[in-house]
Amino acid sequence: MPWRAPPGAVPDPYRVWLSEAMLQQTTVAAVIPYYERFVSRFPDLGALAAAEEAAVMEAWAGLGYYARARNLHACARRVAALGGFPRDLAGLRALPGIGPYTATAIAAIAFGVPGVPVDANVVRVAARIGAVTAPLPGARAAIEAVATRLGEDPAARARPGDFAQALFDLGATICTQAAPTCVLCPWREGCAAHRAGIAADLPRKAPKPARPSRFGAHFWLEDAAGQVLLRRRPARGLLGGMLELPGTAWRDAPWSAAEALALAPVAASWRHAGTVRHGFTHFTLTIEVYAARVATIGEAAGMARPVAGLGAEALPSVMRKCAAVAVEETAG
DNA sequence: AACTCGTGGAT
DNA sequence: TATCCAAGAGT
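Residues numbered from 1 in each chain as written. Chains lettered and ligands numbered in written order. Predicted model: local features only at pLDDT ≥ 70, side-chain atom pairs only at ≥ 80, totals over all residues. Heavy atoms only, no water.

1. Observations concerning the protein's contact with DNA strand B
Right, on to step 1. Looking at DNA strand B, there are 18 residues lining it, with Tyr66, Leu239, Thr281, His282 and Ser317 nearest.
Right, on to step 2. Atoms of DNA strand B within 4 Å of the protein belong to the sugar or the phosphate in 56% of instances, the rest to bases.
Right, on to step 3. At 2.6 Å from a phosphate oxygen of DNA strand B is found a main-chain nitrogen or oxygen belonging to Ser317.
Right, on to step 4. Residue composition of the surface near DNA strand B, grouped by class: eight nonpolar, ten polar and no charged. (Near = heavy atom within 4 Å. Polar contact = N/O pair within 3.5 Å; in protein donor to acceptor, adjacent residues only side chain to side chain. Nonpolar A, V, L, I, M, F, W, Y, C, P; charged D, E, K, R; others polar.)

2. A short note on helix 5 (residues 67-82)
Right, on to step 1. Over its 16 residues, helix 5 extends 22 Å from the first C-alpha to the last, a length consistent with the 22 Å expected when each residue adds 1.5 Å.
Right, on to step 2. Listing the buried residues of helix 5 in full gives Arg68, Ala69, Arg70, Leu72, His73, Cys75, Ala76 and Val79.
Right, on to step 3. On its buried face, helix 5 sits against helix 1 (13-23), helix 2 (28-41), helix 3 (45-50) and helix 4 (53-60).
Right, on to step 4. Positive phi shows up at Gly83, right after helix 5, with a value of about 90 degrees. (Helix = DSSP H or I, 4+ residues; strand = E, 2+ residues; numbered from the N terminus. Expected span 1.5 Å × (residues − 1). Buried < 20%, exposed > 50% of the residue type's maximum accessible area, 1.4 Å probe, protein only. Contact = heavy atoms within 4.5 Å.)

3. Here we look at the protein's contact with DNA strand C
Right, on to step 1. Near DNA strand C, the surroundings consist of 25 residues, among which Leu23, Gln25, Gly97, Asp119 and Asn121 are the closest.
Right, on to step 2. At the protein interface, 63% of the atoms of DNA strand C within 4 Å belong to sugar or phosphate.
Right, on to step 3. Glu20 places a polar side-chain atom, nitrogen or oxygen, 3.4 Å from a base nitrogen of DNA strand C.
Right, on to step 4. Contact between DNA strand C and Leu23: a sugar or linking oxygen at 3.4 Å from a main-chain N or O atom of the residue.
Right, on to step 5. Those elements that provide at least two residues to the surface near DNA strand C are helix 1, helix 7 (100-111) and helix 8 (120-129).
Right, on to step 6. Taken together, the residues that form the surface near DNA strand C break down as nine nonpolar, nine polar and seven charged.

4. A word on the pairing of strand 2 (residues 227-232)
Right, on to step 1. Here strand 2 pairs with strand 6 (residues 303-306) via four bridges, running antiparallel. The residue of strand 6 that forms the bridge with Val228 is Arg305.
Right, on to step 2. Direction of pairing for strand 2 relative to strand 3 (residues 243-244): antiparallel, over a ladder of two bridges. Its bridge partner being in strand 3, Arg232 is matched across the sheet by Leu243. (Pairing = 2+ DSSP bridges.)

5. Concerning the pattern of salt bridges
Right, on to step 1. Per the counting criterion, the structure on display carries twelve salt bridges.
Right, on to step 2. Note that Glu222 is salt-bridged to Arg293, the shortest N-O span being 3.6 Å. Of this pair, Glu222 sits in strand 1 (residues 213-223) while Arg293 is found in strand 5 (residues 284-294), placing the two residues 71 residues apart along the sequence.
Right, on to step 3. For Glu222, a relative accessible area of 11% corresponds to the buried category.
Right, on to step 4. Accessibility expressed as a relative area gives 49% for Arg293, which makes it partly exposed.
Right, on to step 5. Residues Glu244 and Arg233 are paired through a salt bridge, measuring 2.8 Å at the closest nitrogen-oxygen approach. Note that Glu244 is positioned in strand 3 and Arg233 in the loop between strand 2 and strand 3, a separation of eleven residues in sequence.
Right, on to step 6. A relative accessible area of 6% means that Glu244 is categorised as buried.
Right, on to step 7. Take Arg233: its relative accessible area is 15%, and that puts it in the buried class.
Right, on to step 8. Salt bridges linked by common partners bring Arg231, Arg233 and Glu244 together as one network. (Salt bridge = Lys/Arg side-chain N within 4 Å of Asp/Glu carboxyl O.)

Right under this line is the structure:
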């Protein structure tokens, strides 16, 4: 992993922080290319603090949970003003985007402060070692207590960063979700769930409610110069601060073509380009994409951007799907 | 305390 | 195809 310091090297707090922010609720495989591009574009804290927020949103586009990007930028400016990262838990915890997990992880990995950052890997490992059979999320406190106890071992306290990352690695490679490879586990003798034969059944989780459906319509308005109309979403909330194709609200019922086209950014010869389905955390979204060509975008609300440059814009994945459907229809 | 907030890969 | 899930934080 590109953010991990070689043995014996002193970790760069900026890179530790950046990687932990990107890894929140996000898989390692998804983060690696974003991390590489981000470090290349913003090589150090000063570069990030000096950047415009819009540039940060561009670099984050597609990674999801965009509040992380806004908080990252705000945090960079705060830390730059402080002259560097706080080296203690309370100081880190007070920064935007740094919660209990990330504060503990940065403190341990970058500064050698004892403590166990409890991510999903550690939850799984600790639930099994301690044989916590109560279901999440209620069992969270009991599992964290097990993790904290593991971190009190003198060897763990001597190398908190290595201990934390070793737990991550154990959870990622051996103590996995579906089929843990207990036969290869260096900890199997000390694992209460393995001794009881229930390792693969832990941690237990309460069932989650079904995701509701929502519906919207978005508009691809392209001019003769090869530009398309975009607009910026409100600064907070879902996809906050990101760009989008202009569109309707997302509601509980589908939009008829007539309903949708009444809300189009301009009167034009709109064609139905296709349908996009996208799963968010709390609902599934179905978008009808309409496309039209005009000579000039003119006075329509928003900003005209070259179609050829959309790859570098701050477009979330759902809007990239819409753009792809429109471009495909336009070409065909 | 309970909700909100993305995405793509694994199963 | 549908569901689950990941190095969680903010409100």
